[in-house]
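Observations on the three-dimensional arrangement
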Amino acid sequence: MAELYPALLNLKNKLCLVVGGGPVAARKAASLVAAGARVSLVSPALCAVLAESVSKNEVLHTARKFEESDLTGVFLVVAATDHPEVNRMIGEAAEANGILANVVDAPEASSFIVPSVIRRGKLLIAIATSAQSPALSRRLRLHLENEIGEEYGELVKLVGEVRAELKDAGTKVSEQTWQNALDLDELVDLLKDRRRDEAKSVLIQRLISNAGGA
Ligand SMILES: C[C@@]1(CC(=O)O)c2cc3[nH]c(cc4nc(cc5[nH]c(cc(n2)[C@H]1CCC(=O)O)[C@@](C)(CC(=O)O)[C@@H]5CCC(=O)O)C(CC(=O)O)=C4CCC(=O)O)c(CCC(=O)O)c3CC(=O)O
Ligand SMILES: NC(=O)C1=CN([C@@H]2O[C@H](COP(=O)(O)OP(=O)(O)OC[C@H]3O[C@@H](n4cnc5c(N)ncnc54)[C@H](O)[C@@H]3O)[C@@H](O)[C@H]2O)C=CC1
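Small disclaimer: the values here were computed from a predicted structure and weren't measured. Along each chain, numbering runs from 1 in the same order as the chain's sequence is written. To read the labels, note that chains go from A and ligands from 1, taken in the order they are written. Given that this is a predicted model, residues contribute local features only at a pLDDT of at least 70 and side-chain atom pairs are listed and counted only at 80 or more, while totals for whole chains, interfaces and linings are drawn from all residues. As a convention, hydrogens and water are excluded, and side-chain values are obtained from all of the structure's heavy atoms.

Another aspect to go through is the overall build of the protein. By definition, any uninterrupted DSSP run of H or I lasting at least four residues is a helix, any uninterrupted run of E lasting at least two residues is a strand, and each is numbered from the N terminus. Secondary structure assignment for the protein yields eight helices and seven strands. For the protein, the C-alpha radius of gyration of 22 Å lies well beyond 17 Å, the compact-globule estimate for 214 residues. Throughout this description, buried means an accessible area under 20% of the type-specific maximum (1.4 Å probe, protein chains only), exposed means over 50%, and partly exposed covers the range between. Taken over 214 residues, the protein has a buried fraction of 33%. Taking the contacts inside the protein whose residues are at least 6 apart along the sequence as the reference set, 52% of them involve residues at least 24 apart. As defined in this context, the radius of gyration uses C-alpha atoms, and a globule is described by 2.2 Å times the residue total to the power 0.38. Note on contacts: a residue pair is in contact if any heavy atoms of the two residues lie within 4.5 Å.

See the structure below:
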């Protein structure tokens, strides 16, 4: 099988459909809501978590079985019923209509799969096993969560700020200078100690003194 192509989708205000009302549908619906999508969900029954999302108007619920017309106007669909043949049929109908589809029990019938995710502010780390072992993706996420603390979110903010300031000042920084200046251990330790100003000046100093050079 060819490699999967990693991409981060901008789902703001996009219509996304979840089919099914169990815990798996609930997990996928929650991440779609968090991404700013308009989420509709079709299922005869709802688990408690989904019932709450519906009562909060985060998810628009239609209480019946899936019908093909539910795909009209949809950007992305998650097929998460407990009927493999229904899920597969949704995947095929989506494919025929150019709609992105995640079929939760059939990676080979999906146009995308969902990774385990670690977020620290604007930093996003996605972990996947190309569908070999979701349990391993989860385990690796838990392992990496211990290594990557909240200060990494601060780090992204700080470096983004410095990058924008240098850009505004018209200062060009080479790829190699960036790599040499980004001493993760040092910057992360400073941020952990809440010495943000120091971290910022250390970084700027390195970028400017090496600007243009190695
Ligand atoms: C292909 C994929 C499609 C997709 O859903 O996008 C898929 C498919 C399937 N999952 C199954 C089972 C489980 N899934 C989980 C958990 C997660 N599954 C997620 C993603 C993916 N699951 C995609 C591949 C990602 C990759 O490449 O690794 C995560 C990462 C993200 C998320 O869902 O949000 C989330 C962890 C989030 C976190 O905590 O970090 C657990 C573990 C648990 O819940 O503890 C189990 C039980 C243990 C096990 O089986 O490993 C089954 C068998 C169903 C059955 O037996 O009936 C299938 C079907 C099949 O494999 O054929
Ligand atoms: N990708 C993943 O991460 C995982 C996938 N799975 C797979 O996901 C499937 C769903 O898991 P759960 O949420 O635990 O199942 P569940 O059995 O709790 O929920 C299934 C839901 O689908 C609804 N449903 C059934 N037929 C329908 C139809 N024709 N149209 C609309 N909705 C319909 C039911 O009313 C129910 O709400 C499992 O069968 C399993 O194979 C399981 C674990 C993880």
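Note that the domain bounds were set by an automatic or database domain assignment. Split by domain assignment, the protein resolves into domain 1 (1-114), domain 2 (115-147) and domain 3 (151-209). Computed over C-alpha atoms only, the centres of domain 1 and domain 3 are separated by 40 Å.

At a minimum axis distance of 7 Å, the contact between helix H7 (residues 184-192) and helix H8 (residues 196-209) shows a crossing angle of 155 degrees. The orientation of H7 with respect to H8, classified from their angle, is roughly antiparallel. Residues Glu-186, Leu-187, Leu-190 and Leu-191 of H7 pack against Arg-196, Glu-198, Ala-199, Val-202, Leu-203 and Arg-206 of H8. Here the contact of H7 with H8 is built from residues that sort into six nonpolar, no polar and four charged. Here an axis means a line fitted to C-alpha atoms, over the contact stretch when the element is a helix, while the angle between two N-to-C directions is reported on a 0 to 180 degree scale. The cut-offs work like this: below 35 degrees is roughly parallel, past 145 is roughly antiparallel, 65 to 115 is roughly perpendicular, and the gaps in between are oblique. Residues are sorted three ways: Asp, Glu, Lys and Arg are charged, Ala, Val, Leu, Ile, Met, Phe, Trp, Tyr, Cys and Pro are nonpolar, and all the rest, Gly among them, are polar.

The next point concerns the packing of aromatic side chains. Two rings from Phe, Tyr or Trp (for Trp, the six-membered ring) form a pair when their centres sit within 6.5 Å of each other. Planes less than 30 degrees apart are called stacked, planes more than 60 degrees apart edge-to-face, and all others tilted. Counted according to the given criterion, the structure contains zero aromatic pairs. A cation sits over an aromatic face here: Lys-14 above Phe-75, 4.8 Å from the ring centre. A ring is scored as having a charge over it whenever the NZ atom of a lysine or the CZ atom of an arginine sits within 6 Å of its centre and within 35 degrees of its normal.

In this fold, Glu-161 is placed in helix H5 (residues 151-168). Accessibility expressed as a relative area gives 27% for Glu-161, which makes it partly exposed. With 39 residues separating them in the primary sequence, Glu-161 and Lys-200 have C-alpha atoms 9.2 Å apart. Excluding residues that lie within four positions of it along the chain, Glu-161 makes contacts with Arg-196 and Lys-200. Each polar contact in these results corresponds to two N or O atoms within 3.5 Å; when the atoms are within protein, one needs to be able to donate a hydrogen and the other to accept it, and residues that are neighboring in sequence are counted only if both atoms are side-chain atoms. Engagement of the side chain of Glu-161 in a polar contact is seen with the side chain of Lys-200, the distance being 2.8 Å.

Residues are counted as near a molecule or strand when any one of their heavy atoms sits within 4 Å of it. By nearness alone, 20 residues border ligand 2, and Gly-21, Val-24, Arg-27, Phe-66 and Val-104 come closest of all. A distance of 3.3 Å separates an oxygen atom of ligand 2 from a polar side-chain atom of Asp-82. In the environment of ligand 2, a nitrogen atom lies 3.1 Å from a nitrogen or oxygen atom belonging to the backbone of Val-104. Where accessible areas are quoted, they stem from the Shrake-Rupley method and a 1.4 Å probe; at the residue level, only the protein chains shown are allowed to cover. Contact with the protein chains covers 69% of the free accessible surface of ligand 2, which is 870 Å².

To continue, consider the side chain of Glu-151. Turning to its location among the elements, Glu-151 is positioned in helix H5. Neither His nor the chain ends is counted toward charge; the positive residues are Lys and Arg and the negative residues Asp and Glu. For this document, the term salt bridge refers to a Lys or Arg side-chain nitrogen within 4 Å of an Asp or Glu carboxyl oxygen. We note that Glu-151 is buried and unpaired, the nearest opposite charge coming from Lys-192 at a distance of 4.1 Å. When sequence neighbours within four positions are dropped, the list of residues in contact with Glu-151 reads Val-188, Leu-191 and Lys-192.

Bringing the pairing of strand E2 (residues 38-42) into the picture now. Most of E2 sits inside the fold, with four of its five residues counted as buried. Sheet topology places strand E1 (residues 15-19) next to E2; five bridges connect them, and they run parallel. Across the sheet, Val-19 pairs through a bridge with Val-42, a residue of E2. Handedness of the E1-helix H1 (residues 23-34)-E2 crossover: right-handed. Whether two strands pair depends on DSSP finding at least two bridges between them. Where E2 meets strand E3 (residues 59-62), four bridges bridge the pair, whose relative direction is parallel. By the bridge assignment for E3, Val-42 is matched with Thr-62. Handedness is read with the strands pointing away from the viewer; a crossover is right-handed when the path from the first strand over the helix to the second is clockwise.

Now for the site of ligand 1. Among the 20 residues in the neighbourhood of ligand 1, the closest are listed as Lys-28, Ser-116, Ser-137, Arg-138 and Arg-141. The contact in question runs from an oxygen atom of ligand 1 to an N or O atom on the side chain of Arg-27, over 2.8 Å. For ligand 1, whose free accessible area comes to 1100 Å², the fraction covered by protein is 65%. Of all the elements in the fold, those that place two or more residues in the shell around ligand 1 are H1 and helix H4 (134-147). In terms of residues, the shell around ligand 1 owes the most to one element, H4, which gives five residues. Here the residues of the shell around ligand 1 sort into nine nonpolar, six polar and five charged. Residues from two domains meet in the shell around ligand 1; each of domain 1 (1-114) and domain 2 (115-147) gives at least three.

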